[in-house]
Amino acid sequence: MIRLAASLWLVAAPAFATSGAALFEAHCASCHAAARGAPAGAGPNLAGLSGRAVGGDPAFDYSPALQAARAAGEAWDEGRLRRFLDDPEATYPGLWMGGTSLRGTADVAAVVAYLMGGSER
Ligand code: HEC
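Residues numbered from 1 in each chain as written. Predicted model: local features only at pLDDT ≥ 70, side-chain atom pairs only at ≥ 80, totals over all residues. Heavy atoms only, no water.

Undergrad: Describe the coordination of the iron atom of the ligand, naming the residues involved and giving the relevant values.
TA: Around the iron atom of the ligand, the protein contributes the donor atoms His32 (NE2) and Met97 (SD), at 1.9 to 2.1 Å from the metal centre. Taken together, the six donor atoms coordinating the iron atom of the ligand span angles of 84 to 178 degrees at the metal, a pattern that classifies the geometry as octahedral. Highlighted residues: His32 in the loop between α2 (19-27) and α3 (64-71) and Met97 in the loop between α5 (88-91) and α6 (105-115), separated in sequence by 65 residues. Judged by its relative accessible area of 24%, Met97 is partly exposed. (Donors = N, O, S within 2.8 Å, 3.2 Å for Na, K, Ca; no water. Tetrahedral: all angles 85-135°; square planar, octahedral: opposite > 155°, others 65-115°. Helix = DSSP H or I, 4+ residues; strand = E, 2+ residues; numbered from the N terminus. Buried < 20%, exposed > 50% of the residue type's maximum accessible area, 1.4 Å probe, protein only.)

Here it is in structure tokens:
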């Protein structure tokens, strides 16, 4: 068991550069597409999220909570996305997305970097 954990670590560690994408696949892709032009699923498409209006996928029917944020002129940046993923319900009470299964600031940071399209860090 210990040996297995150690070898998993060895496999995972060099893959850090892609971990944001891998985490997104594991925790978000069941509801969200991240490819431009892909249809909305249970959740909105998240392509090009950096600078995009909150509630900004025209193909998605958002909750009143996110529609209100959009009407208030809010847009996604790194800080907002990080706060959101730390606690979606506290950021937008009444949101139609349950808490995420992401755990820990490192994983949140990796997914934020992935979605913001910046360098992985
Ligand atoms: C069970 C389905 C589901 C999962 C899993 C899920 N989401 Fe969501 N997400 C939603 C729904 C539904 C909405 C729209 C909520 C609303 O309208 O209130 C949403 C909204 C969002 C928004 C706001 C988008 C916008 O256009 O303003 C972001 C950002 C987001 N999710 C990121 C994530 C990330 C990152 C993950 C993985 C860590 C994730 N979500 C996991 C269903 C999900």
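Undergrad: Quick rundown of the site of the ligand? Include the residues and the values.
TA: In the vicinity of the ligand, 29 residues are found, and the nearest of them are Cys28, Cys31, His32, Ser63 and Met97. Taking Trp96, its main chain carries an N or O atom lying 2.8 Å from an oxygen atom of the ligand. If you list the elements that add at least two residues to the shell around the ligand, you get α4 (78-86) and α6. With three residues, α4 is the largest single contributor of residues to the shell around the ligand. When the residues that make up the shell around the ligand are grouped by side-chain class, the tally is 20 nonpolar, eight polar and one charged. (Near = heavy atom within 4 Å. Polar contact = N/O pair within 3.5 Å; in protein donor to acceptor, adjacent residues only side chain to side chain. Nonpolar A, V, L, I, M, F, W, Y, C, P; charged D, E, K, R; others polar.)

Undergrad: Lay out the pattern of salt bridges in plain terms, naming residues and giving numbers.
TA: Side chains that carry opposite charge are capable of pairing whenever their charged atoms lie near each other. Evaluated as defined, the whole model comprises two salt bridges. For Glu74, the salt bridge goes to Arg80, with nearest N and O atoms at 2.8 Å. The partner of Glu78 in a salt bridge is Arg82, with the nearest N and O atoms 3.7 Å apart. Linking Glu78 with Arg82, this pair stays in helix α4, spanning four residues, or about one helical turn. (Salt bridge = Lys/Arg side-chain N within 4 Å of Asp/Glu carboxyl O.)

Undergrad: Talk me through the packing of aromatic side chains; I want residue IDs and the actual numbers.
TA: The relative placement of two aromatic rings is captured by the distance of their centres and the angle of their planes. Per the counting criterion, the structure on display carries five aromatic pairs. Between Trp76 and Tyr92 the ring centres are 6.3 Å apart and the planes differ by 80 degrees, which places this aromatic pair in the edge-to-face class. Residue Trp76 is located in the loop between α3 and α4, and its partner Tyr92 is located in the loop between α5 and α6; the two are separated by 16 residues in the primary sequence. With respect to class, Trp76 is no different from Tyr92; both count as buried. Among the aromatic side chains, those forming a connected cluster through ring pairs are Trp76, Phe84 and Tyr92. (Phe/Tyr/Trp six-rings, centres within 6.5 Å; stacked < 30°, edge-to-face > 60°.)

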